[in-house]
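Residues per chain are reported as follows:
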Amino acid sequence: MRIRRILAAAIATAALAGLGLTGAATATAATAKGAPSYVTPGQCEEGGGTPRIDLPGNPCKGGKYDGQTVD
């Protein structure tokens, strides 16, 4: 009886750990893949770009953050 409880606890722990790893991998993939990135006007300028809030989408033109939205 005791062995069954230990085995059940070990299986439950492994299952929860697996779900945690899967969730972390999914979150990382979503961030790297399709999450929108925003920079401040100061970050855009420090990166060597020019914040063009007069253009559609408010892009940072040039530099390290070229093409990212200025917010």
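Small disclaimer: the values here were computed from a predicted structure and weren't measured.

Novice: For unusual backbone geometry, give the residues involved together with the corresponding values.
Specialist: Both trends apply: most residues other than glycine have a negative phi, and most peptide bonds are in trans. The phi angle at Asn58 is positive, at roughly 45°, despite the residue not being glycine. With respect to the secondary-structure elements, Asn58 resides in the loop between strand S2 (50-51) and strand S3 (60-61). Owing to a relative accessible area of 30%, Asn58 belongs among the partly exposed residues under this scheme.

Novice: A description of the state of the cysteines should follow, citing residues and the corresponding values.
Specialist: If you walk through the whole model with that rule in mind, you get one disulfide. Disulfide pairing places Cys44 opposite Cys60 at an S-S distance of 1.9 Å. A torsion of 90° about the S-S bond marks the disulfide between Cys44 and Cys60 as right-handed. One end of the pair, Cys44, is in helix H2 (residues 41-46); the other, Cys60, is in strand S3, with 16 residues separating them in the sequence. Classification of Cys60 as buried rests on a relative accessible area of 0%.

Novice: I'd like to hear about the pattern of salt bridges, residue by residue, with values.
Specialist: Taken as a whole and judged by the stated rule, the model has one salt bridge. The salt bridge involving Asp54 is made with Arg52; its shortest N-O contact spans 3.0 Å. With relative accessibility at 57%, the residue Asp54 sits in the exposed group. Exposure remark for Arg52: the relative accessible area of 30% places this residue in the partly exposed category.

So, how was this worked out
- Residues numbered from 1 in each chain as written.
- Predicted model: local features only at pLDDT ≥ 70, side-chain atom pairs only at ≥ 80, totals over all residues.
- Heavy atoms only, no water.
- Helix = DSSP H or I, 4+ residues; strand = E, 2+ residues; numbered from the N terminus.
- Buried < 20%, exposed > 50% of the residue type's maximum accessible area, 1.4 Å probe, protein only.
- Disulfide = S-S within 2.5 Å.
- Salt bridge = Lys/Arg side-chain N within 4 Å of Asp/Glu carboxyl O.

Geometric descriptors of this kind do not, in isolation, establish any biological role.
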